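Inside the fold
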Amino acid sequence: VDDAYSLAGIASGTYDVVREDRVLQHLERPLEALQELLRVTAPGGALVVSNPDFRSFRVDGTASEYRGEGRRPPPPLAFDLAERTARVLGGVVPTLCRHPSAGLVLPGLLRRAGATDIEVQIFPLALMGRKKVSAC
């Protein structure tokens, strides 16, 4: 474990692959951390970063019989579920992490940090059941 802004014990270009997973969203200066991660990534290497965009969170409010195999469209709701989800999470998420939309701005941050050949992959995360989940 080291300081995300100064990986002083690691020489430049040391690693072929560097991975960051859900750390930038908590940092005060994510751009500086990305610059440092790129510094320790070898020329031609890969920096893999993964952070959520909490503004895109949605709750599936359909009844359990509509989930899984043979899923049918849910009955119409009397309210906008996406808007209500955003309103609820909008009040909670900013208290859990500094940059709740870190995932959304990653391509721009990577460019500003000096990264080239940026590839973005967006994937949904489906949480089902009543398991406890931490937001960040």
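The structure under discussion appears in the preceding block.
Here is a short report on the structure shown in this document. Since this is a predicted model, take the numbers as computed values, not measurements. (Residues numbered from 1 in each chain as written. Predicted model: local features only at pLDDT ≥ 70, side-chain atom pairs only at ≥ 80, totals over all residues. Heavy atoms only, no water.)

Some remarks on the pairing of strand β1 (residues 15–21)
To keep it simple, the criterion reads: Two strands form a pair only when DSSP identifies at least two bridges running between them. Segments assigned H or I by DSSP are reported as helices when at least four residues long, segments assigned E as strands when at least two residues long, and all are numbered from the N terminus. Crossover handedness is defined here as right-handed if the route from the first strand over the helix to the second strand goes clockwise, with the strands pointing away from the viewer.
Sheet topology note: the β1/strand β2 (residues 41–50) ladder contains six bridges and is parallel. Bridge pairing in β2 places Val18 opposite Leu47. Regarding the hand of the β-α-β motif, the stretch spanning β1, helix α1 (residues 30–40) and β2 is right-handed.

Regarding the packing of aromatic side chains
Definition in use: Note on aromatic contacts: the rings of Phe and Tyr and the six-membered ring of Trp form a pair at centre separations within 6.5 Å, being stacked when their planes are under 30 degrees apart, edge-to-face when over 60 apart, and tilted otherwise. Two limits define a charge over a ring: the Lys NZ or Arg CZ must be within 6 Å of the ring centre, and within 35 degrees of the ring normal.
This model, assessed by the stated rule, comprises zero aromatic pairs. A cation over a ring is seen here: Arg29 above Tyr5, with NZ or CZ 3.8 Å from the ring centre.

Description of α1
Structurally, the α-helix is built with 3.6 residues per turn, so residues lying three or four positions apart point the same way. So the rule is basically this: In this scheme, a residue with accessible area under 20% of its type's maximum is buried, one over 50% is exposed, and one in between is partly exposed, where area comes from a 1.4 Å probe on protein chains only. In what follows, residue pairs with any heavy atoms lying within 4.5 Å of each other are defined as contacts.
Listed as buried for α1 are Pro30, Leu31, Ala33, Leu34, Glu36, Leu37 and Val40. Summarising the contacts, the buried residues of α1 are in contact with β1, β2 and α3 (102–113).

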